[in-house]
Amino acid sequence: MIHWNSLAEFLAMGRHGPYVWGSLLVMALLMVAEPMLLLQGRKRLIARLRRQHRAEAAERGQASAGDRSTANGSND
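Scope of this entry: the structure provided in the associated data block. (Residues numbered from 1 in each chain as written. Predicted model: local features only at pLDDT ≥ 70, side-chain atom pairs only at ≥ 80, totals over all residues. Heavy atoms only, no water.)

Focus: a nonpolar patch on the surface
On the surface, a nonpolar cluster with roughly 590 Å² of combined accessible area is contributed by Leu7, Leu11, Trp21, Leu24, Met27 and Met31. Sorting the residues of the nonpolar patch by element identifies helix H1 (7–12) and helix H2 (17–71) as the ones contributing at least two each. At four residues, the largest contribution of residues to the nonpolar patch is made by H2. Note that Met31 resides in helix H2. (Patch = residues over 30% accessible without salt bridge, like charges linked within 9 Å, V, L, I, M, F, W, Y side chains within 5 Å. Areas by Shrake-Rupley, 256 points an atom, 1.4 Å probe, with all protein chains shown as cover. Salt bridge = Lys/Arg side-chain N within 4 Å of Asp/Glu carboxyl O. Helix = DSSP H or I, 4+ residues; strand = E, 2+ residues; numbered from the N terminus.)

Section: a positive patch on the surface
There is a patch of like positive charges on the surface, built from Arg48, Arg50, Arg51 and Arg54. Inspection of the secondary structure puts Arg54 in helix H2. For Arg54, a relative accessible area of 53% gives the class exposed. (Lys, Arg positive; Asp, Glu negative; His and termini not counted. Charge placed at Lys NZ, Arg CZ, Asp CG, Glu CD. Buried < 20%, exposed > 50% of the residue type's maximum accessible area, 1.4 Å probe, protein only.)

Considering the packing of aromatic side chains
Within the structure shown, the criterion is met by one aromatic pair. Measuring from ring centre to ring centre gives 5.6 Å for Phe10 and Trp21, while their planes differ by 65 degrees; the resulting arrangement is edge-to-face. With a gap of 11 residues between them, Phe10 in helix H1 and Trp21 in helix H2 connect regions that are remote in the sequence. Residue Trp21 is classed as partly exposed on the basis of its relative accessible area, which comes to 31%. (Phe/Tyr/Trp six-rings, centres within 6.5 Å; stacked < 30°, edge-to-face > 60°.)

As for unusual backbone geometry
Backbone geometry at Met13 places phi at a positive 50 degrees, although glycine is not the residue there. Within the secondary structure, Met13 is located in the loop between H1 and H2. Although it is not a glycine, Arg15 sits at a positive phi angle of roughly 70 degrees. Locating Arg15 in the fold gives a position in the loop between H1 and H2.

Structure, rendered in structure tokens:
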């Protein structure tokens, strides 16, 4: 078991402190960033799917309107 005599020795981690604390900082930042990025991507995906759904519905509406006009005997 490792014992430190002071806070400075603990932070220095036997001269490995910059690596240890830097790694911990990067890991903490990634743990915060990942859920935020996932939520942002989810919102973009939902918006894209909604746009696609509206475009397909409009396309179906135009196609059915065109079918009705040809059924009535009109030529466009």
